[in-house]
Amino acid sequence: MLVDKKLIVVTGTDTGIGKTYFASGITSSSLSRLGYRVAVCKPVETGFLCSENSDVEKLRQAAGAWQTIDEVVAYSFFDSVSPHIAVERNQKPIISAGF
């Protein structure tokens, strides 16, 4: 059986502009409730505290929490800074194959 897959990308160029809020809203109210199985992905999260308030957990919950945190986020950094700064501070390069 072929499955028709769709991709929706939410992107923005600054922190705190509502990417997670918007993506969570689309996921929970419009897609999951209509019966779609939604997979979420946040390739890099900074300010990651591994709590219910993290962006990753908000997205995961909006999609029905069927994915593990490791399936949602490829790279996480404790410092709440731009990803390129977090990479430099932590000396942990981002490898695109990790996505």
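Fair warning: this is a prediction, and the values are worked out from it, not measured in the lab. (Residues numbered from 1 in each chain as written. Predicted model: local features only at pLDDT ≥ 70, side-chain atom pairs only at ≥ 80, totals over all residues. Heavy atoms only, no water.)

**Considerations on the pattern of salt bridges**
Okay, so step 1: Tallied over the full model, the rule gives three salt bridges.
Okay, so step 2: Lys 42 serves as the salt-bridge partner of Asp 55, at 3.3 Å between the closest nitrogen and oxygen. In this pair, Asp 55 sits in helix 2 (residues 55-62) while Lys 42 sits in the loop between helix 1 (19-31) and strand 1 (44-46), placing the two residues 13 residues apart along the sequence.
Okay, so step 3: Note that Arg 89 is salt-bridged to Asp 79, the shortest N-O span being 3.5 Å. (Salt bridge = Lys/Arg side-chain N within 4 Å of Asp/Glu carboxyl O. Helix = DSSP H or I, 4+ residues; strand = E, 2+ residues; numbered from the N terminus.)

**Details of the packing of aromatic side chains**
By convention here, two paired aromatic rings are described through the distance between centres and the angle between planes.
Okay, so step 1: As enumerated under the stated definition, the model contains zero aromatic pairs in all.
Okay, so step 2: Sitting over the ring of Trp 66, Arg 37 keeps its end group 3.6 Å from the ring centre. (Phe/Tyr/Trp six-rings, centres within 6.5 Å; stacked < 30°, edge-to-face > 60°. Lys NZ or Arg CZ within 6 Å of the ring centre and 35° of its normal.)

**Quick look at the nonpolar core**
Okay, so step 1: Ala 23, Val 38, Val 40, Phe 48, Val 56, Leu 59, Ala 63, Val 72 and Val 73 together form the largest nonpolar core, which totals nine residues.
Okay, so step 2: Residues Val 44, Phe 77, Ala 86 and Val 87 belong to the second largest nonpolar core, which totals six residues. (Core = buried A, V, L, I, M, F, W, Y, C linked by side-chain atoms within 4.5 Å. Buried < 20%, exposed > 50% of the residue type's maximum accessible area, 1.4 Å probe, protein only.)

**With respect to the side chain of Thr 46**
Okay, so step 1: Looking at the secondary structure, you find Thr 46 in strand 1.
Okay, so step 2: On the accessibility criterion, Thr 46 (19% relative accessible area) is buried.
Okay, so step 3: Within the structure, the side chain of Thr 46 is placed 2.8 Å from the backbone oxygen of Val 81, a separation counted as a polar contact.
Okay, so step 4: For Thr 46, the contacting residues outside a window of four places in its chain are Phe 77, Asp 79, Ser 80, Val 81, Ser 82, Pro 83 and Ala 86. (Polar contact = N/O pair within 3.5 Å; in protein donor to acceptor, adjacent residues only side chain to side chain. Contact = heavy atoms within 4.5 Å.)

**What to know about the environment of Leu 59**
Okay, so step 1: Position of Leu 59 relative to the elements: it lies in helix 2.
Okay, so step 2: For Leu 59, a relative accessible area of 7% gives the class buried.
Okay, so step 3: Spatially, the C-alpha atoms of Leu 59 and Thr 20 are 6.9 Å apart, while their sequence positions differ by 39 residues.
Okay, so step 4: Not counting residues up to four positions away in its chain, the partners in contact with Leu 59 are Thr 20, Ala 23, Ser 24, Val 40 and Lys 42.

**Things to note about the environment of Ile 26**
Okay, so step 1: Position of Ile 26 relative to the elements: it lies in helix 1.
Okay, so step 2: C-alpha of Ile 26 to C-alpha of Thr 15: the two residues are 11 residues apart in sequence and 19 Å apart in space.

**Observations concerning the environment of Ser 29**
Okay, so step 1: Its place among the elements puts Ser 29 in helix 1.
Okay, so step 2: Between the alpha carbons of Ser 29 and Ala 63 there is a distance of 9.7 Å; along the sequence they are 34 residues apart.

**Let's talk about helix 2**
Okay, so step 1: Buried within helix 2 we find Val 56, Glu 57, Leu 59, Arg 60 and Ala 62.
Okay, so step 2: Where helix 2 is buried, its residues touch helix 1, strand 1 and helix 3 (69-72).

Fair warning: the whole summary comes from geometry, so function is off the table for now.
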